[in-house]
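# Observations on the three-dimensional arrangement
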Amino acid sequence: DCSAQLCSGHAELHPRSRATYKHKVDKLSGDAAHLATREPIALCPIHPAHDLRSFCTECNTLLCRQCEATHPAEHNQQLLSIGDASARAKAAVNKMLGTGTEDGESQLDVAFEEVVQAIQSLHTQTEEVSAEVKEYFDGLVAGLRKRETQVLDDLDQLRTKNILPLEARRSRFGALISASSNAKRCV
């Protein structure tokens, strides 16, 4: 119905689209079969019946024929074919990965080294903070143990100061009670 030549993946999806659900998909045969093995063409998300065919470098957007018609005229100098845009992007990635900076290191290697240094710095800072926290809590525990010893000593002093006189009074009181019991028996 639309005469589009589709790869097997898109041929399977073609009847499922709202715009093309009534289309009949025929399998290609003979010389035309090799055409279906090319890269699938992306469809415009705004105009699903149209293939994306250009890229605006100004607004970083893929465009179909309909999008191009409504795209700002001042951006027309910035339009590239999908192939040219893809080649530029590939060259930029290759430049970052391969050709590198003046000293021969790639930008990716430099970025990776910066990440490694940042991780090492964080590790060092973590160890320093951990040591400070341990030192603080060790001091806190030592202070608490010292205070515990002082409190126990104070309790012992209070016990000695208060209990011994009480025990002496109890002994005297017990002796008085015993003496008074003995005196009643004698009478």
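One can find the structure itself at the top, above this paragraph.
Residues numbered from 1 in each chain as written. Predicted model: local features only at pLDDT ≥ 70, side-chain atom pairs only at ≥ 80, totals over all residues. Heavy atoms only, no water.

### Things to note about the overall build of the protein
The secondary structure content of the protein amounts to four helices and three strands. Put simply, the protein runs from its N terminus to its C terminus through helices and strands in the order α-β-β-α-β-α-α. Counting the 187 residues in the protein, one finds 11% classified as buried. Contacts in the protein between residues at least 24 apart in sequence constitute 21% of all its contacts with a sequence separation of at least 6. (Helix = DSSP H or I, 4+ residues; strand = E, 2+ residues; numbered from the N terminus. Buried < 20%, exposed > 50% of the residue type's maximum accessible area, 1.4 Å probe, protein only. Contact = heavy atoms within 4.5 Å.)

### So, the pairing of strand β2 (residues 61–64)
Here strand β1 (residues 52–56) runs beside β2; their pairing, made up of four bridges, is antiparallel. Residue pairing in the sheet places Ser54 in a bridge with Leu63 of β2. Joining the antiparallel neighbours β1 and β2 is a turn of four residues, in which Asn60 adopts a positive phi near 55°. (Pairing = 2+ DSSP bridges.)

### Considering the nonpolar core
Counting six residues, the largest nonpolar core is built from Cys44, Leu52, Cys56, Leu63, Cys64 and Cys67. Of all the secondary-structure elements, those providing two or more residues to this core are β1 and β2. Sequence-distant contacts of Cys44, that is, excluding residues within four places in its chain, are made with His50, Leu52, Cys64 and Cys67. (Core = buried A, V, L, I, M, F, W, Y, C linked by side-chain atoms within 4.5 Å.)

### What to know about the packing of aromatic side chains
In this description, a pair of aromatic rings is defined by centroid distance and the angle of the planes. Going through the model one piece at a time under the given rule, you end up with one aromatic pair. Taking the centre distance of 5.3 Å and the plane angle of 80° together, the rings of Tyr136 and Phe137 count as edge-to-face. Classification of Tyr136 as exposed rests on a relative accessible area of 54%. Overall, the relative accessible area of 46% leaves Phe137 in the partly exposed class. (Phe/Tyr/Trp six-rings, centres within 6.5 Å; stacked < 30°, edge-to-face > 60°.)

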